Amino acid sequence: MTDEVVTESVDASTWNELETVFGTKGDPAGCWCQWFKLSRADWDAATREETRDLLHAQVEAGSPGVIARIDGEPVGWAAVEPFSAYPALGRSPITRRQEGDPEDVWAVTCFVVRLEYRKRGVARALLAGALEHARERGATVVEGYPVDPEVRPSLTAAERYHGTVSLFRDGGFEEVRRPSATRAIMRRTLTS
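Everything quoted here is computed from the prediction, not taken from an experiment.

A. A look at the sheet that holds strand β6 (residues 174-180). Across the sheet, seven strands lie side by side as β1-β2-β3-β4-β5-β7-β6; this open sheet has mixed pairing. Looking at which strands have only one partner, the edges of the open sheet turn out to be β1 (5-9) and β6. Shown here is a sheet whose adjacent strand axes are inclined to one another by a mean of 25°, direction ignored. Two strands pair when backbone bridges link them, and strand β5 (residues 141-144) and strand β7 (residues 183-189) are joined in this way by four bridges, in the antiparallel orientation. Within β7, the position partnered with V141 by the bridge is T189. In the packing of helix α1 (residues 15-22) onto the sheet, the strands contacted are β2 (65-70), β3 (73-82) and β4 (106-113), and the crossing angle to β3 comes to about 100°. Helix-sheet contacts for helix α6 (residues 122-136) involve β1, β2, β3, β4, β5 and β7, and the interaxial angle to β4 is about 150°.

B. Layout of the packing of aromatic side chains. A complete count under the given rule lists seven aromatic pairs for this structure. Centroid distance F111 to F168: 6.0 Å. Interplanar angle 80°. Geometry classified as edge-to-face. A residue pair is termed long-range when its members are at least 10 positions apart, and F111 in strand β4 and F168 in helix α7 (residues 165-170) qualify at 57 residues. The class for F111 is buried, based on a relative accessible area of 8%. Here the aromatic residues W15, F22, W32 and W77 are joined through ring pairs into a cluster of three or more.

C. The pairing of β3, seen in detail. Most of β3 is tucked away: eight of the 10 residues are buried. With six bridges connecting them, β2 and β3 associate as antiparallel partners. Across the sheet, the residue bridging to V66 is A78, located in β3. In the sheet, β3 pairs with β4 via seven bridges, with the strands oriented antiparallel. Paired with V80 across the bridge in β4 is V108.

D. The state of the cysteines, seen in detail. Under the criterion given, the structure shown has zero disulfides. C33 takes part in no disulfide bond, and the closest cysteine sulfur to it belongs to C110, at a distance of 3.2 Å. Judged by relative accessible area, which is 9%, C33 ranks as buried.

E. Focus on the pairing of β5. Residue alternation in β5 divides its side chains into two sets, V141 and E143 and V142 and G144, and both sets are buried. Across three bridges, β4 lies against β5 in parallel orientation. Within β5, the residue paired with V108 across the bridge is G144. The parallel pair β4 and β5 is bridged by α6, and the resulting crossover is right-handed.

F. Main features of unusual backbone geometry. Located in the positive-phi region is C33, a residue other than glycine, with phi close to 55°. As for its position among the elements, C33 is in the loop between α2 (26-31) and α3 (40-45). Of note, the phi angle at D71 is positive, near 50°, even though the residue is not glycine. Mapped onto the fold, D71 is located in the loop between β2 and β3.

G. View of the nonpolar core. Grouped together as the largest cluster of nonpolar side chains are 28 residues, with contacts concentrated most on V108, F111, V122, L126, V142 and F168. Going through the elements one at a time, β2, β3, β4, α6, α7 and β7 are the ones with two or more residues in this core. Top element by residues in this core is α6. It accounts for seven residues. In this structure F111 touches W77, A78, A123, L126, L127, Y161, H162, G163, L167 and F168, once residues within four positions along its chain are discounted. By size, the runner-up hydrophobic cluster in this structure holds 25 residues, among which are F83, Y86, L89 and I185.

The rules behind each value
Residues numbered from 1 in each chain as written. Predicted model: local features only at pLDDT ≥ 70, side-chain atom pairs only at ≥ 80, totals over all residues. Heavy atoms only, no water. Pairing = 2+ DSSP bridges. Helix = DSSP H or I, 4+ residues; strand = E, 2+ residues; numbered from the N terminus. Axes fitted to C-alpha atoms, helices over the stretch in contact; angles between N-to-C directions. Contact = heavy atoms within 4.5 Å. Phe/Tyr/Trp six-rings, centres within 6.5 Å; stacked < 30°, edge-to-face > 60°. Buried < 20%, exposed > 50% of the residue type's maximum accessible area, 1.4 Å probe, protein only. Disulfide = S-S within 2.5 Å. Right-handed = clockwise from strand over helix to strand, strands pointing away. Core = buried A, V, L, I, M, F, W, Y, C linked by side-chain atoms within 4.5 Å.

Below, the structure written as structure tokens:
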């Protein structure tokens, strides 16, 4: 029997649950999904408290993603917003726009799943929730920038925060290009 994973868009009422998901140790507790939002200099200068406060302000101002729960317990998070909300994506040679790319895409940039809830379908539910979140806000195209552990099985859990190629493929995304052996640009057109 598998656990039912329920997702919903985050808002001010879910902040305490997000704090549980991000925790106090490891990469999520330092990043708070600000890597793609800050300049490199600002990222390097930011403390854990500052990145936490930035995400808190972003949640208060809108809904930058979705949270997952199993039996009411917060277990995961996925960041999804318009590409323009992530300035670092436009600067990266991996993700910057190329000729022919749609302009108004939404981007799924990050997955956080609490360690004790991994391998229970949480990331799949988060991706489905992210697509619904984006659709409800008018998105017509969603992109992801996953890694490919089939090419490099030694990828650590920390390196898989983008999601995996198989996760996005199973979620109905198509690979549109491969900027490196281990990174793909994947895209899905949403229907209403």
